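Spelled out, the chains give:
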Amino acid sequence: MEGECRASQARSWGLPAGGAGGDSPGGDAPLPGSISSSSLLQAEVLDLDEDEDDLEVFSKDASLMDMNSFSPLMPTSPLSMINQVKFEDEPDLKDLFITVDEPESHVTTIETFITYRIITKTSRGEFDSSEFEVRRRYQDFLWLKEKLEEAHPTLIIPPLPEKFIVKGMVERFNDDFIETRRKALHKFLNRIADHPTLTFNEDFKIFLTAQALEFSSHKKQGPGLLSRMGQSVRAVALSMRGVKSRPEEFMEMNNFIEIFSQKINLIDKISQRIYKEEREYLDEMKEYGPIHILWSASEEDLADTLKSVASCIDKCCKATEKRMSGFSEALLPVVHEYVLYSEMLMAVMKRRDQIQAELDSKVEALTSKKADTDLLTEEIGKLEDKVECANNALKADWERWKQNMQNDIKSAFTNMAEENILYYEQCLATWESFLTSQTDLHLEEASEDKL
């Protein structure tokens, strides 16, 4: 097991399996991608005061923006290792393209559900063809997520959109809801495809390529119901037991997650409230144009002016609709995705703690000599390797995730700020043009009166 862990670490560092050597050079030298306790939380990415109106999105400390990206544990497939080397040599080269489109409703005597077409184009050698087309429903995406979590318990799996939405927000099979879910599922698959480890997962490949019968047969494989129940009971027992001494770096990581979760949930709440108020403002503004048109019919002297006002209002309405469209498509989904990510991070930390708790329980049993010491010693050795691999995988993926998170949130808010500036410039230009035309008209009338 120890040899396997070192070989996995060597692959994740871009070395051949034997290149790691029998003993780690340098003894106490830190592993690549490890996180020092002093640098993990030098600043908060999202800084909010307790007042919801005080919204500061980006850190005032630039130290968090300077982070090293490190690929976590790689699969053992030689083709996967070749692809990884290609990615490192040519970081901009992408060989897996996935599109989720064409949602289709299915009605049976038992249920109604939506399937989505998934088109995959690839140049990878482990695929039998260069292009695949399958249809999957939400439950299939959920199966894939669970299989990834099972295979990589301490990697940060991209989140799926919720199965159910807030009551009263939108109907389940409303066109807007289906389109929103389609976009989220598209992002889910592409985030997996871009992940240095998950992209080579065998279940992911089958999800993208297997036709309905083959895929259904594959989903039925795996541990039976009783085995899964036993694993669940064991996981619950370990989680209740907890860990005696979580390493300092993971304590800081956990604190970061808790703070991040609070901040991003608050931002999500504020963003939703702003969008709702903007929608109400737009609906009200749309009523003023027709009102001014009707008014102009009864005020002959002011008819042209009132019609010009109605025209300005109409232009502002269109600009507001465009800005709100950008708000709902560019900012809201990004913020909400990271709300879901915060929940995923908590689950990842819980699974890491369960692995360590299992090791702690064996060490405690060995100390008290409650069981066969030789057997316990062997199990402890395997669990130590398992904990080490789990910790290294999480530390590496953590750095990658933080860098992506900062880039995504910064881009979303920067783009939204630029959209707002453009919106206000357009509205200002509209009303300035109106005022200029009215001023010129009055000057012209005054000149005629003097003559």
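Calculation criteria
Residues numbered from 1 in each chain as written. Predicted model: local features only at pLDDT ≥ 70, side-chain atom pairs only at ≥ 80, totals over all residues. Heavy atoms only, no water. UniProt positions renumbered as here; feature names shortened; annotations may be inferred. 1 Å grid on protein atoms, 1.4 Å probe; cavity = no way out; pocket = protein on both sides within 12 Å on 5 of 7 lines; lining within 4 Å. Points joined across faces, edges and corners; volume = space filled by probe spheres on them. Helix = DSSP H or I, 4+ residues; strand = E, 2+ residues; numbered from the N terminus. Expected span 1.5 Å × (residues − 1). Polar contact = N/O pair within 3.5 Å; in protein donor to acceptor, adjacent residues only side chain to side chain. Phe/Tyr/Trp six-rings, centres within 6.5 Å; stacked < 30°, edge-to-face > 60°. Buried < 20%, exposed > 50% of the residue type's maximum accessible area, 1.4 Å probe, protein only. Lys NZ or Arg CZ within 6 Å of the ring centre and 35° of its normal. Pairing = 2+ DSSP bridges. Axes fitted to C-alpha atoms, helices over the stretch in contact; angles between N-to-C directions.

Per an unreviewed UniProt entry, the protein goes by Sorting nexin 7 and derives from Bos mutus grunniens. What the UniProt record of the protein gives under Subcellular location (unreviewed entry) is the line "Early endosome membrane". In its Sequence similarities (unreviewed entry) section, the UniProt record describing the protein reads: "Belongs to the sorting nexin family."

Caption draft 1: Representation of empty space enclosed by the protein. Counted according to the given criterion, the structure contains two cavities of 30 Å³ or more. Considering only enclosed or pocket space, the second largest cavity measures out at about 40 Å³ in volume. For the lining of the second largest cavity, the elements supplying multiple residues, two or more each, are helix 9 (303–368) and helix 10 (373–450). With four residues, helix 10 is the single largest residue contributor to the lining of the second largest cavity.

Caption draft 2: Spatial organisation of helix 4 (residues 175–194). End to end, helix 4 covers 29 Å across 20 residues, agreeing with the expected 28 Å (1.5 Å per residue, within 8%). With a side-chain oxygen positioned 2.7 Å from the backbone nitrogen of Asp 176, the residue opening helix 4 is Asn 174.

Caption draft 3: Geometry of the packing of aromatic side chains. Counted by the stated rule, this structure contains 15 aromatic pairs. Here Tyr 423 and Tyr 424 contribute two aromatic rings whose centre-to-centre distance is 5.0 Å and whose plane-to-plane angle is 65°, an arrangement assigned as edge-to-face. The class of Tyr 424 is exposed, set by a relative accessible area of 51%. One aromatic cluster in this structure is built from Phe 256, Phe 260, Tyr 338, Tyr 341, Trp 398 and Trp 401. Residue placement shows Arg 137 over the ring face of Phe 113; its charged tip is 3.9 Å from the ring centre. The ring of Tyr 138 carries the charged tip of Arg 181 above its face, separated from the ring centre by 4.2 Å.

Caption draft 4: Examining the sheet that holds strand 4 (residues 112–122) more closely. Across the sheet, which stays open at both edges, the three strands sit in the order 3-4-5 with antiparallel pairing between neighbours. This sheet does not close on itself; its edge strands, each paired only once, are strand 3 (96–107) and strand 5 (131–137). This sheet shows a mean twist of 20° between the axes of neighbouring strands, independent of strand direction. Here strand 4 pairs with strand 5 via seven bridges, running antiparallel. Paired with Tyr 116 across the bridge in strand 5 is Arg 136.

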